[in-house]
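Coordinate inspection notes
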Amino acid sequence: QVQLVESGGGLVQSGGSLRLSCAASGVIFSMSTIDWYRQAPGKQRELVARITSGGTTNYADSVKGRFTISRDNAKMTVNLQMNSLKPEDTAVYYCHTIRALMNYWGQGTQVTVSS
């Protein structure tokens, strides 16, 4: 059973920072690509950042230079460090992975950035 559990969301002022964590179980974590997505009210879910099993990272243009994704294989955790937050970063952030061609999502964590 694959489980992804996000934590670390909250309310922060514009320009502030938050660190999200995704704890995974039920997967061969060291071989898994893990993504962070977000969904703002009335908008489609979008890919924010991705980290492969080899540590290669990709970011949405809107967060490049501000967000950093990292992984700790020993703790089976992926972190998303978010700096210089903007009101438009307000969304529910989801952790995601694929195992055996099936998509798995966490329950999401709310990030709210006030102006």
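Residues numbered from 1 in each chain as written. Predicted model: local features only at pLDDT ≥ 70, side-chain atom pairs only at ≥ 80, totals over all residues. Heavy atoms only, no water.

A count of helices and strands for the chain gives zero helices and 11 strands. For the chain, the N- to C-terminal ordering of α and β elements is β-β-β-β-β-β-β-β-β-β-β. What you see for the chain is a C-alpha radius of gyration of 13 Å, in line with the 13 Å of a compact globule of 115 residues. Taken along its principal axes, the extent of the C-alpha atoms in the chain is 40 × 25 × 20 Å. (Helix = DSSP H or I, 4+ residues; strand = E, 2+ residues; numbered from the N terminus. Rg over C-alpha atoms; globule rule 2.2 N^0.38 Å.)

Of all hydrophobic cores here, the largest spans 28 residues; its most connected members are Trp-36, Val-48, Phe-67, Leu-80, Met-82 and Tyr-93. Of all the elements in the fold, those that place two or more residues in this core are β3 (18-25), β4 (34-39), β5 (46-51), β7 (67-72), β8 (77-82), β9 (91-99) and β11 (109-114). For this core, the element with the highest residue contribution is β3, accounting for four residues. Here Leu-80 is in contact with Leu-18, Arg-19, Leu-20, Trp-36, Val-48, Ala-49, Phe-67, Thr-68, Ile-69 and Tyr-93, once residues within four sequence places are set aside. (Core = buried A, V, L, I, M, F, W, Y, C linked by side-chain atoms within 4.5 Å. Buried < 20%, exposed > 50% of the residue type's maximum accessible area, 1.4 Å probe, protein only. Contact = heavy atoms within 4.5 Å.)

Of all six residues in β4, five are buried; the element is thus mostly enclosed. Here β4 runs beside β5; their pairing, made up of five bridges, is antiparallel. If you follow Asp-35 over to β5, its bridge partner there is Arg-50. The loop that links β4 with its antiparallel partner β5 comprises six residues; one of these, Gly-42, has a positive phi angle of about 75°. (Pairing = 2+ DSSP bridges.)

Within the secondary structure, Asp-35 sits in strand β4. Sequence separation of Asp-35 and His-96 is 61 residues, and the distance between their C-alpha atoms is 5.0 Å. In this structure Asp-35 touches Leu-47, Ala-49, Arg-50, Tyr-94, Cys-95 and His-96, once residues within four positions along its chain are discounted. A distance of 2.5 Å separates polar atoms of two side chains, one belonging to Asp-35 and the other to Arg-50. (Polar contact = N/O pair within 3.5 Å; in protein donor to acceptor, adjacent residues only side chain to side chain.)

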